[in-house]
Amino acid sequence: MRGLLADPAQFRGRHAVARAFADFYRTQQAAFPPECRESDYEKRIRAAYPIHPEVFDRLHTNWSTLVKFQRTPDVLRLMAAVIHSLWEKRDHNPLILPGNVAIDDARVQSELTRYLSNNWVPVIEKDVDGPNSLPLKLDRDLPNLGRVSASRRVARAIYLGSAPTTDAAHTGSRTGASNSAARKAPAQGSRAQGRLRAH
């Protein structure tokens, strides 16, 4: 691990990705939560690379409220499943955002449902990330959305931000958290990546 992090090419990549996202958030201020344009946010992206800090925020804020969820070991196990799934799919996105968490992968889904009531699996299959789910249908029917899997990514982000908080609709801060995740979910598919290619 130390050798990987010390690789200069890896380090330059981390800085380029963090800068591209920070620039994108600053130029699109109306579309993203205020904290995204703060100077410290670029540092947070760099520190969490290759995972977007929003993923860790949701896991440590929302998921840690669950009695069975143990922060460090469960976050590590989930992220191992997420990274393995993305590696198998040859995903080349510059950061793992909430919308990149492949909930349609059985291993990832198992990690994201093991702490919840059993009724979540059919909800995922119908409303989040199943082969017959509504977001996937929308992405297929609407090419502009489907080109970047926008519906699917937003549904994944909302799930990650709200599934563990069944009272999210009644708690402003928790709803805000899922809204924050959803607003950041589609970002990496377009201009932030374009800026990376330009570097």
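Here, the structure is the one placed above.
Predicted, not measured: the structure shown is a model, and the values here were computed from it. Residue positions are counted from 1 within each chain, in the order its sequence is given. Local features are withheld for residues below a pLDDT of 70 in this predicted model, meaning they are given only at 70 or higher, and side-chain atom pairs are given and counted only at 80 or more; totals for whole chains, interfaces and linings count all residues. Side-chain calculation: all heavy atoms of the structure are included, whereas hydrogens and water are not.

Enquirer: How would you explain the overall build of the protein if you had to name every residue and give the values?
Expert: What the protein contains, in helices and strands, is twelve helices and zero strands. Accessibility here uses a 1.4 Å probe with only protein chains present; expressed as a share of the type maximum, an area under 20% marks a residue as buried, one over 50% as exposed, and anything in between as partly exposed. Each of the 199 residues in the protein was classed as buried or not, and the buried ones make up 44%. Whether two residues are in contact is decided by their heavy atoms, any of which lying within 4.5 Å being enough. Taking the intrachain contacts of the protein between residues at least 6 apart in sequence as the baseline, contacts between residues at least 24 apart amount to 63%. Elements are defined by DSSP. Helices are runs of H or I of four residues or more, strands are runs of E of two residues or more, and each kind is numbered from the N terminus.

Enquirer: Outline the packing of helix α4 (residues 53–61) against helix α5 (residues 71–88), supporting the account with residue identities and numerical values.
Expert: Note on definitions: angles span 0 to 180 degrees between N-to-C directions of axes, and those axes are lines fitted to C-alpha atoms, for helices only across the stretch in contact. The N-to-C vectors of α4 and α5 enclose an angle of 135°; their axes lie 10 Å apart at closest approach. When the axis of α4 is compared with that of α5, the two are oblique. The way α4 lies across α5 gives a crossing that is right-handed. Contacts from Val 55, Phe 56, Leu 59 and His 60 of α4 reach α5 at Arg 71, Val 75, Leu 78 and Met 79. The residue makeup of the contact of α4 with α5, split by class, is six nonpolar, one polar and one charged. Roughly parallel means an angle under 35 degrees; roughly antiparallel means over 145; roughly perpendicular covers 65 to 115; every other angle is labelled oblique. Crossing handedness is defined as follows: a turn of the near helix away from the far one that is anticlockwise and smaller than a right angle gives a left-handed crossing, while the clockwise case is right-handed. Here the nonpolar group is Ala, Val, Leu, Ile, Met, Phe, Trp, Tyr, Cys and Pro; Asp, Glu, Lys and Arg are the charged ones; every other residue, Gly included, is treated as polar.

Enquirer: Outline the packing of helix α3 (residues 39–48) against α4, listing residues and values.
Expert: Orientation of α3 relative to α4, taken along the N-to-C sense of each, is 85°, at an axis distance of 9 Å. Put simply, α3 runs roughly perpendicular to α4. For the pair α3 and α4, contact is made by Tyr 41, Arg 44, Ile 45 and Ala 48 and by Pro 53, Glu 54, Phe 56 and Asp 57, respectively. Of the residues contributing to the contact of α3 with α4, the split by class is five nonpolar, no polar and three charged.

Enquirer: Can you tell me about the pattern of salt bridges, naming the residues and giving the values?
Expert: We define a salt bridge as a contact between a side-chain nitrogen of Lys or Arg and a carboxyl oxygen of Asp or Glu at a distance within 4 Å. For the structure shown, the criterion picks out 18 salt bridges. Where Asp 104 meets Lys 89, a salt bridge forms, and the shortest distance between an N and an O atom there is 3.4 Å. With a gap of 15 residues between them, Asp 104 in the loop between α5 and α6 (106–113) and Lys 89 in the loop between α5 and α6 connect regions that are remote in the sequence. A residue is classified by how much of its surface remains accessible, and Lys 89, at 43% relative accessible area, is partly exposed. Salt-bridge contacts for Asp 104 lead to Arg 156; the nearest nitrogen and oxygen are separated by 3.4 Å. On the criterion of sequence distance, the pair formed by Asp 104 in the loop between α5 and α6 and Arg 156 in helix α10 (residues 150–162) is long-range, its members being 52 residues apart.

Enquirer: Lay out the nonpolar core with the relevant residues and their values.
Expert: Nonpolar side chains in soluble globular proteins tend to be buried together. Here, the term nonpolar core denotes a set of buried Ala, Val, Leu, Ile, Met, Phe, Trp, Tyr and Cys residues that are joined through side-chain atoms within 4.5 Å. Grouped together as the largest cluster of nonpolar side chains are 26 residues, with contacts concentrated most on Leu 59, Trp 63, Met 79, Val 82, Leu 112 and Tyr 159. Those elements that provide at least two residues to this core are α4, α5, α6, α7 (120–127) and α10. Ignoring anything within four residues of it in the chain, the contact list for Leu 59 reads Ser 64, Phe 69, Val 75, Leu 78, Met 79 and Leu 160. By size, the runner-up hydrophobic cluster in this structure holds eleven residues, among which are Cys 36, Tyr 41, Ile 45 and Leu 95.

Enquirer: Residues and numbers for the packing of aromatic side chains, please.
Expert: The aromatic pairing rule takes the rings of Phe, Tyr and Trp, using the six-membered ring of Trp, and pairs them if the centres are within 6.5 Å, calling planes under 30 degrees apart stacked, those over 60 edge-to-face and the rest tilted. Enumeration according to the criterion identifies nine aromatic pairs in this entry. Judged by centre distance (5.1 Å) and plane angle (75°), the ring pair of Phe 69 and Tyr 115 falls under edge-to-face. Within this pair, whereas Phe 69 is found in the loop between α4 and α5, its partner Tyr 115 is found in the loop between α6 and α7, the two being separated by 46 residues in sequence. For Tyr 115, a relative accessible area of 11% puts it in the buried group. Here the aromatic rings of Trp 120 and Tyr 159 are separated by 5.4 Å at their centres, their planes lie at 80°, and the arrangement is edge-to-face. Of this pair, Trp 120 sits in helix α7 while Tyr 159 sits in helix α10, and the two are 39 residues apart along the sequence. Classification of Tyr 159 as buried rests on a relative accessible area of 2%. Within the aromatic cluster, the residues linked to one another by ring pairs are Phe 21, Phe 24, Tyr 25, Phe 32 and Tyr 41.

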